[in-house]
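# Structure at a glance
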Amino acid sequence: MDDINPIYHNPFGVAFQWKRNTLKDVRKIQIVFRDTGLLLTRNELEKFQKNIECTMNSNTPCADCNQHDTCRSLLLDTPAPQITLAMNLTELNAVQDLVEGTLFQLNLDTYLNKMCNGQDD
């Protein structure tokens, strides 16, 4: 934990920023869930949030399927156009919470830094 600044976590995953600027860009946010890690800028994270909303709004479970909560039939586009994640509804809800919680914390930190220090981080 010495190499990272935790931002947000839930039972499904974690979001953090790297402290050192060795191979990783310290301004990017690392999101890790399931067996996936995404290193994203804030803009990419916001785009990912919109992709999650689109997936939630445009996909309905199969009509006669009893396994729609566990079936990985939902395809979630990532900010990298070459990568799409197959998820079930439970995972999609969890990754939505992870991304929204991360963005909330980043925005809160920015606001508090402006109010307390008179500057933007």
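## Comments concerning the pattern of salt bridges
Per the stated rule, a full pass over the model turns up 3 salt bridges. With its nearest N and O atoms 2.9 Å apart, the salt bridge here joins R34 to E91. You can see R34 sitting in the loop between β3 (29-33) and β4 (36-40) and its partner E91 sitting in helix α2 (residues 89-117), a full 57 residues away along the chain. Residue classification places R34 among the partly exposed residues on the basis of a relative accessible area of 30%.

## Comments concerning the sheet that holds strand β2 (residues 13-18)
In a beta sheet, neighbouring strands pair by backbone hydrogen bonds and run either parallel or antiparallel. With antiparallel pairing, 4 strands are arranged side by side in an open sheet as β1-β2-β3-β4. Each edge of the open sheet is held by one strand with a lone partner, namely β1 (4-10) and β4. In this sheet, neighbouring strand axes are inclined to one another by 20° on average, regardless of whether the strands run parallel or antiparallel. Relative to β4, β3 runs antiparallel, the two being bridged by 5 bridges. Directly across from Q30, in β4, lies its bridge partner L39. Lying over the sheet, helix α1 (residues 42-58) contacts β3 and β4, oriented at roughly 125° with respect to β4. Relative to the sheet, α2 contacts β1, β2 and β3, its axis offset from that of β1 by approximately 135°.

## Concerning the environment of Q49
If you trace the backbone, Q49 turns up in helix α1. Owing to a relative accessible area of 21%, Q49 belongs among the partly exposed residues under this scheme. For the pair formed by Q49 and V99, sequence separation is 50 residues and the distance between their alpha carbons is 6.4 Å. When residues no more than four places from it in sequence are discounted, the contact partners of Q49 are V99, E100 and L103.

What counts and what doesn't
- Residues numbered from 1 in each chain as written.
- Predicted model: local features only at pLDDT ≥ 70, side-chain atom pairs only at ≥ 80, totals over all residues.
- Heavy atoms only, no water.
- Salt bridge = Lys/Arg side-chain N within 4 Å of Asp/Glu carboxyl O.
- Helix = DSSP H or I, 4+ residues; strand = E, 2+ residues; numbered from the N terminus.
- Buried < 20%, exposed > 50% of the residue type's maximum accessible area, 1.4 Å probe, protein only.
- Pairing = 2+ DSSP bridges.
- Axes fitted to C-alpha atoms, helices over the stretch in contact; angles between N-to-C directions.
- Contact = heavy atoms within 4.5 Å.

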